[in-house]
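An overview of the molecular structure
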Amino acid sequence: GNGFRNYASGGSFSAIVTGKQNRAAYRYSFIGTGSANTTSSRFSTILNGIKNYISISNSVYSTILCGQEYFISGSRNIVVGGLKNSAITTYGIILNGYSNVLSSNTHFSAILGGSGNTMIKSTLSLIGQGKSNLINPINTSKYVTLLNGFSNRIYGQYSSYSFLGGGSNNKIGGQNQIILN
């Protein structure tokens, strides 16, 4: 490839096409271009961006398509666009946004844009846009949806099958609950 101060190490079949100060540090990892990107997990890809990091802790088959200061720790995650988003789960998707977090036990879940949104312990769930929204049940829940709004919360012992459709400072503290707006 091309570039400046790129470093491929840690095994066979790693590649860096171009860019500056990128590091492909595990076998079968790939960095297309960008600056100061690191992939430390096998079969992981960073196509473009700045200061993105795919960690070594079982982050196989994870992908960052573009963006800045992303962190992935967990397998089969996809992050596209945005700034400072983190996926610390398996099968998570973050599409755009700023400072959004898919945390532990959020398998097969997604955050689609927005800012400062966090999801913890909620599988097959969605945060769609909004700012400073939180899904954080005490026990792992599933099929939880929070669409848009500001500073909304879904929490409680179990929050499965709950839907919060926007607004501001709304709270759901149980399962099978709906707030439309």
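In this text, all values refer to a predicted model and were calculated from it rather than measured experimentally.

Even without being a glycine, Lys84 presents a positive backbone phi close to 60°. As for its placement among the helices and strands, Lys84 is situated in the loop between strand E10 (78-83) and strand E11 (86-87). Owing to a relative accessible area of 37%, Lys84 belongs among the partly exposed residues under this scheme. At Tyr91, a residue that is not glycine, the phi angle is positive and equals roughly 55°. By the secondary structure assignment, Tyr91 is in the loop between E11 and strand E12 (93-95). For Tyr91, a relative accessible area of 36% corresponds to the partly exposed category.

Following the criterion strictly, the structure yields one salt bridge and no others. Among the ionic pairs, Glu69 bridges to Lys84, the shortest N-O distance being 4.0 Å. Here Lys84 lies in the loop between E10 and E11 and Glu69 lies in the loop between strand E8 (63-68) and strand E9 (71-72), a separation of 15 residues in the sequence.

Reading the values: the criteria
Residues numbered from 1 in each chain as written. Predicted model: local features only at pLDDT ≥ 70, side-chain atom pairs only at ≥ 80, totals over all residues. Heavy atoms only, no water. Helix = DSSP H or I, 4+ residues; strand = E, 2+ residues; numbered from the N terminus. Buried < 20%, exposed > 50% of the residue type's maximum accessible area, 1.4 Å probe, protein only. Salt bridge = Lys/Arg side-chain N within 4 Å of Asp/Glu carboxyl O.

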